[in-house]
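Commentary on secondary and tertiary structure
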Amino acid sequence: MEKDDLMLEQLANREYEFGFVTAIDMDISEIGLNEDTVRFISAKKNEPQWLLDWRMKGFKAFQKQEMPQWQNFKMPEIDFQSISYYAAPKQQAKYASLDEVDPELLRTFEKLGIPMSEQKHLAGVAVDVVFDSVSVTTTYKKHLNELGIIFCSISDAVKEHPELIQKYLGSVVPHTDNVFASLNTAVFSDGSFVYIPKGVRCPMELSTYFRINAENTGQFERTLIIADEDSYVSYLEGCTAPMRDENQLHAAVVELIAMKGAEIKYSTVQNWYPGDKEGKGGIFNFVTKRGACRGERAKISWTQVETGSAITWKYPSILLQGDYSSGEFYSVAVTNNMQIADTGTKIYHLGAHTKSRIISKGISAGKGQNSYRGLVQMGPKAAYARNFTQCDSLLIGDLCGAHTFPYIESKNNTATIEHEATTSKIGEDQVFYLNQRGIDAEQAIALIVNGYAKDVLNQLPMEFAVEAQKLLSLTLEGSVG
Amino acid sequence: MLSIKNLHANIEGKEILKGINLEVKAGEVHAIMGPNGSGKSSLASVLAGRENYEITEGEVWLDGKNLLDMKPEVRAREGVFLAFQYPVEIPGVSNINFLRTALSEIRIHRNLPPLSAKEFLKMTKEKQALVEFEAKLANRSLNQGFSGGEKKRNEVFQLAMLEPKLSILDETDSGLDIDALRIVSNGINKLRSADNAFVLITHYQRLLEYIVPDFVHVLYNGQIVRSGTKELALELEEKGYDWLKEEFHGNESINKI
């Protein structure tokens, strides 16, 4: 017991590594939310009328919607009037080159482990950084341009590619979808836009880094990725935030569109500030992510490693519209201390011969509560469609919880659905066995957890898999019970 | 090498080791035998540092260092290896990756330079051949889906890789068929040297036909009640443990008078 106590203490004392605040001049809107707020944001960004109109539709929908009540935790009271909906570094918001960026901001990026000056020379990763509300810079833009790939902030895309934005924005997640998606529609600040032309295989991982810095602000980014026929793209997002006693709201929307024969791989390593060990502070992560396989043989795969946030509420979904299209959802969600995660996926098999695969790995430690919630729906035309779901839970200690809520609906009797679920506990025996071979408890837990999550981590691009492994170990440090 | 002096230990308030004394020198093989519940596996667990045992009295020294002061992983790095009676399964962690992690911790502790991937691989191949361990098992998840015999053989493979000073084999022979027993024994015999020592915990004399011990001890009721050479094992095989039990209880009642 003594050893356990000691380790739990170590865990409690471990600080969130990214909890620093950057001292930088910010342009922050007044707190509160009304039509003027929406107009203010739209005006700040010099948006066209059609976009303002759409935001207004979102705002009206938001006002009519209720907070969801079906999730496996008590929805916290969120005072939408006490949040500032726009925060941006004060200087000129967009930079032509890195030399123009506030050096303090660059130092922040270095602390986050993304030295952009070096990134330029590193093969394989192009990074778009969204700092609070504004996209700071997009590296590698030129090289991508030559292939006809568009990778820019959504604000730039509105100006430079309005026809694509008008056609696709809100086409997968409508402005009425849910209260958080409607809110995002009304006040979304920035985010990333990707377009891969027909037949192009994007030669590098595209990546966006999200960072909440300012106090009392929410972050509402919007991401739209379009993969035209027979194209391929792999995209990764990462996120961190400073430590604050107040909860901060993050309500993002991500829309993916894969045309005939196209493939989109979307990976997330979510490490928002989780709050302290008593559950004070932390990010409320209420995110709507959905992809549509619009054409035959299209493929979308979501991979997520969720280690941060006080509350995670997120169900990356896939609409399998085209015949023979396929969808995959790979998830590792960790809850430690007082963290709550209610996450999973929804997969709608609409076309014939569509295929989906769900691998969910929940890890609960401390007093964390982890729920998997998944829906697999076979539509009337989903002849010979197939789904396989594997849903595992790992418990560390006696005070945490794991819950599973699988929903299955089939309207086509040629479709097959398979579901497997397991719950296991990291045993003292496993830890002792590794101890007896010279491996200390911290490393033992890391090995066991990474082994458990391997099927998901293997889906991440190499360099991020290593990062995610480290993050998993860090999040669970000392949590053996 | 190993010096156990008057070792007493409790588990859940019940005294299970009641004053063990044992000296093991480098190059020696000791067998510890005894009936079920006599404390054999508890002794192995206490030496390895399993935390649910409470040491109430006594000392254990390994080459002049106080073993009882060390955490389990430090004991391992100092050269104590326990071949488990029931090796655990760890899904998703490859045998090789696990061994590489273990070996690198041990080498750091012993101030040895890290092995390159190439050197490690070469060593793996040599040791696999030495203890006749299939390469396909080495690449699988740690003990996952292994048969009982494969798990035991994996323990011996790990022993070969980690090169401990003192190896404690807790009923490594149990559940092995005759071929597996031969393979395991051959492996251990090849690993014996003037610098290391083995403590074999076993129920049966059968193992000792393959690995010939220098000393045999009988553990009963938490104490070593008889020590001898390999002939003692043969005597036990022939007569069972009852005569020792009777002798022990006889002495005990005499002492009480």
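Residues numbered from 1 in each chain as written. Chains lettered and ligands numbered in written order. Predicted model: local features only at pLDDT ≥ 70, side-chain atom pairs only at ≥ 80, totals over all residues. Heavy atoms only, no water.

Per an unreviewed UniProt entry, chain B is named Fe-S cluster assembly ATP-binding protein, and its organism is Pedobacter cryoconitis.

The name an unreviewed UniProt entry gives chain A is Fe-S cluster assembly protein SufB, with Pedobacter cryoconitis as the organism. Taken directly from UniProt, the Sequence similarities (unreviewed entry) text for chain A runs: "Belongs to the iron-sulfur cluster assembly SufBD family." (UniProt positions renumbered as here; feature names shortened; annotations may be inferred.)

Scanning chain B for helices and strands turns up 10 helices and 12 strands. Relative to its 257 residues, chain B shows a buried fraction of 53%. Contacts in chain B between residues far apart in sequence, at least 24 positions, make up 69% of those at least 6 positions apart. Accessible surface, chain B: about 11,600 Å² in total, of which carbon and sulfur atoms supply 50%. (Helix = DSSP H or I, 4+ residues; strand = E, 2+ residues; numbered from the N terminus. Buried < 20%, exposed > 50% of the residue type's maximum accessible area, 1.4 Å probe, protein only. Contact = heavy atoms within 4.5 Å. Areas by Shrake-Rupley, 256 points an atom, 1.4 Å probe, with all protein chains shown as cover.)

Right, let's get into the nonpolar core. One finds Ile-363, Leu-434 and Val-449 of chain A together with Ile-4, Leu-166 and Ile-168 of chain B to be the most contacted residues of the largest nonpolar core, which totals 114 residues. Counting residues per element, this core draws most heavily on helix H11 (residues 441–452) of chain A, at seven residues. Those residues in contact with Ile-168 of chain B that sit more than four places away from it in its chain are Ala-44, Leu-47, Val-80, Phe-81, Leu-82, Ala-83, Val-199 and Ile-201 of chain B. Phe-151, Val-194, Ala-298 and Ala-415 of chain A belong to the second largest nonpolar core, which has 35 residues in total. (Core = buried A, V, L, I, M, F, W, Y, C linked by side-chain atoms within 4.5 Å.)

Before going further, it helps to examine the pattern of salt bridges. Residues and elements named next belong to chain A. For the coordinates displayed, the defined rule picks out 26 salt bridges over all chains. Where Arg-39 meets Asp-36, a salt bridge forms, and the shortest distance between an N and an O atom there is 3.1 Å. Pair noted here: Arg-39 and Asp-36 are both in helix H2 (residues 35–44), with a separation of three residues, about one helical turn. Residue classification places Arg-39 among the partly exposed residues on the basis of a relative accessible area of 37%. A relative accessible area of 53% places Asp-36 in the exposed class. Three or more residues are tied together by salt bridges with common partners; here these are Glu-35, Asp-36, Arg-39 and Lys-60. (Salt bridge = Lys/Arg side-chain N within 4 Å of Asp/Glu carboxyl O.)

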